[in-house]
Amino acid sequence: MPGQHRWRKRFAGHVCRWTMPREAILKLLSQTTKHLSAKEIYSALLRSYPGIGLTTVYRTLDLLEKTGMIKKFNFRQGESRYEFASENKPHHHHLICTSCGKIIDYSDFADEELELVDKSAKHLAEKYKFLVQDHNIEFYGLCQQCQKD
Ligand SMILES: [Zn+2]
Ligand SMILES: [Zn+2]
Ligand SMILES: [Zn+2]
């Protein structure tokens, strides 16, 4: 069927076009501890991939997020930020400085914090018959440096 053939060709082209940015974005995010915005990712990739477009970066980030390879966070200020999600990277919570925008990952949880998360999940499961599978915990405030300034 000629129609199907044409579709296959177009599909192959599509795969090629998005494999490159996908690999590049994964590499970039896996090598940084930062939580990058789409625009920051775009600027970083421009050096090695001069032809890359911002739309491609957004689309690729969406796809990577759907596959669970990266995580998207909508922290209060500004744009969404992305970070690499892998089994080697421990589950962590965030401290976000509302003054300089610094984001601190922490996974050295206090026992009380783990207990709270655990108890809350159980409570919500009973009350709303909701199966909690994941959570984001963010604390907003001022980092050590910004408290001094
Ligand atoms: Zn947690
Ligand atoms: Zn700060
Ligand atoms: Zn993080």
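So, here is what we can say about the structure in this document.

Reading guide: rules and limits
Residues numbered from 1 in each chain as written. Chains lettered and ligands numbered in written order. Predicted model: local features only at pLDDT ≥ 70, side-chain atom pairs only at ≥ 80, totals over all residues. Helix = DSSP H or I, 4+ residues; strand = E, 2+ residues; numbered from the N terminus. Buried ≥ 20, exposed ≤ 12 C-beta atoms within 10 Å, placed from the backbone. Contact = placed C-beta atoms within 7 Å. Pairing = 2+ DSSP bridges.

Re the overall build of the chain
Piece 1. On a plain count of helices and strands, the chain comes out with 5 helices and 6 strands.
Piece 2. Along its sequence from the N terminus, the chain presents helices and strands in the succession α-β-α-α-β-β-β-β-α-β-α.
Piece 3. Residues classed as buried in the chain amount to 12% of the 149 residues present.
Piece 4. Taking the intrachain contacts of the chain between residues at least 6 apart in sequence as the baseline, contacts between residues at least 24 apart amount to 50%.

So, the pairing of strand 3 (residues 81–84)
Piece 1. The two faces of strand 3 match: Arg 81 and Glu 83 on one face and Tyr 82 and Phe 84 on the other face are all buried.
Piece 2. Pairing geometry for strand 1 (residues 36–37) and strand 3, over 2 bridges, is antiparallel. Looking at strand 3, one finds that Ser 37 is bridged to Arg 81.

Overview of unusual backbone geometry
Piece 1. A positive phi angle, close to 50°, is found at Lys 129, a residue other than glycine.
Piece 2. Among the structural elements, Lys 129 can be located in the loop between helix 4 (111–128) and strand 6 (138–141).

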